[in-house]
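Residues per chain are reported as follows:
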Amino acid sequence: MPQKKNVQPWYKNFWPWFLMVGPIFVVIASVSMFFVAKQNMTDLVSDDYYKDGKHIGIELHRDEEAVKRHIQAQVLISPDMDKAKVFVSGDFDTKQPVQLQLMHPAKKAEDQTITLKAVESNGAADRMEYEAVFKPLPVTNHWYVRVADTAGIWRVENKWITSQGNAINLTPMDKLFGTDNGQ
């Protein structure tokens, strides 16, 4: 007479559980990485790249106008990164409000646009001095800085590498237009 083996159900054996540990771990890691990625999402990719591309052409005339008017700006950021002094020179309407834009390289939520407050001039008619107060900037390797009039006539911009100091010189993009400004 054949002997009947004592067979246990599958869930009481070691090997099925051992083989399931890897896939279960992968599923848990994938779900957790999804939530980490969603929380730290960057704005590097545009939702409407065609519309953004059209705006690049529209905005280039502002750079051309800054070249023609010889507009330059110098931005001095405080060590606490919450205030700035801005000096603007060139041929521009001093009665027109001027804005300072600080753009984070990856997070659009960190961008700031500040309308500058003119400081009483001390006799230097060739340049205007402005002040700005803004919320403290988070630490990052670099920022994009732009000074422009609110009428949309001109703008100057540059990349600010924070490790190189708190002074940023903004000049028109004259190399883009093939001018050398006498150099």
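Described below are features of the structure shown in this document.

Rules behind the numbers
Residues numbered from 1 in each chain as written. Predicted model: local features only at pLDDT ≥ 70, side-chain atom pairs only at ≥ 80, totals over all residues. Heavy atoms only, no water. Pairing = 2+ DSSP bridges. Helix = DSSP H or I, 4+ residues; strand = E, 2+ residues; numbered from the N terminus. Axes fitted to C-alpha atoms, helices over the stretch in contact; angles between N-to-C directions. Salt bridge = Lys/Arg side-chain N within 4 Å of Asp/Glu carboxyl O. Buried < 20%, exposed > 50% of the residue type's maximum accessible area, 1.4 Å probe, protein only. Expected span 1.5 Å × (residues − 1). Bend = angle between axes of the 7 residues up to and from the residue. Patch = residues over 30% accessible without salt bridge, like charges linked within 9 Å, V, L, I, M, F, W, Y side chains within 5 Å. Areas by Shrake-Rupley, 256 points an atom, 1.4 Å probe, with all protein chains shown as cover. Phe/Tyr/Trp six-rings, centres within 6.5 Å; stacked < 30°, edge-to-face > 60°. Lys NZ or Arg CZ within 6 Å of the ring centre and 35° of its normal. Core = buried A, V, L, I, M, F, W, Y, C linked by side-chain atoms within 4.5 Å. Contact = heavy atoms within 4.5 Å.

What follows concerns the sheet that holds strand E4 (residues 112-115). The strand order across the open sheet built from 4 strands is E4-E3-E7-E8, with neighbouring strands paired in antiparallel fashion. Each edge of the open sheet is held by one strand with a lone partner, namely E4 and strand E8 (155-161). Direction aside, neighbouring strands of the sheet carry axes that sit 15° apart on average.

Take the pattern of salt bridges next. Using the criterion set out here, one finds 7 salt bridges in the structure. Among the salt bridges present, the one from Arg 155 reaches Asp 63, with a minimum N-O distance of 3.0 Å. One end of the pair, Arg 155, is in strand E8; the other, Asp 63, is in helix H2 (residues 49-69), and 92 residues separate them in sequence. We classify Arg 155 as buried; its relative accessible area is 7%. Among the salt bridges present, the one from Glu 129 reaches Lys 85, with a minimum N-O distance of 3.0 Å. Residue Glu 129 is located in strand E6 (residues 127-133), and its partner Lys 85 is located in strand E2 (residues 83-89); the two are separated by 44 residues in the primary sequence. Linked by salt bridges that have partners in common, Asp 63, Arg 146, Arg 155 and Glu 157 make up one network.

The next point concerns helix H1 (residues 14-39). Over its 26 residues, H1 extends 38 Å from the first C-alpha to the last, a length consistent with the 38 Å expected when each residue adds 1.5 Å. The largest bend in H1 is about 30°, located at Val 21, with the proline Pro 23 one to four residues further on.

Turning our attention to a nonpolar patch on the surface. A surface patch of nonpolar side chains, amounting to about 650 Å² of accessible area, comprises Trp 10, Tyr 11, Trp 17, Met 20, Ile 24 and Ile 28. Following the sequence through the fold, Tyr 11 ends up in the segment before H1. Taking the relative accessible area as the measure of exposure, Tyr 11 reaches 45% and is therefore partly exposed.

Moving on, we get to the packing of aromatic side chains. Applying the stated criterion to the full structure yields 7 aromatic pairs. An angle of 90° between the planes, with centres 6.0 Å apart, marks the rings of Trp 10 and Tyr 11 as edge-to-face. Put simply, the rings of Trp 10, Tyr 11 and Trp 17 touch in pairs and so form one group of aromatic residues. The lysine or arginine in question, Arg 127, covers the ring of Phe 87, its NZ or CZ lying 4.3 Å from the ring centre.

In this structure, Val 75, Val 88, Leu 100, Phe 134, Val 147 and Trp 154 are the most contacted members of the largest nonpolar core, which totals 28 residues. Elements with a contribution of two residues or more to this core: strand E1 (72-77), E2, strand E3 (98-103), E6, strand E7 (142-149), E8 and strand E9 (167-170). With sequence-adjacent residues up to four places away left out, Trp 154 is seen in contact with Arg 62, Glu 65, Ala 66, Ile 71, Val 88, Phe 92, Val 98, Val 147, Ala 148 and Asp 149.

A sheet is described by the order of its strands in space; here 5 strands give the open sequence E5-E6-E2-E1-E9, paired in antiparallel fashion. The sheet is open, and its two borders are formed by strand E5 (117-118) and E9, each paired with just one other strand. Where E1 lies against E2, 6 bridges are found, and the strand directions are antiparallel. Within E2, the position partnered with Gln 74 by the bridge is Phe 87.

For Thr 140, the position within the fold is in the loop between E6 and E7. Filtering out sequence-adjacent residues up to four positions away, Thr 140 remains in contact with His 104, Pro 105 and Thr 162.

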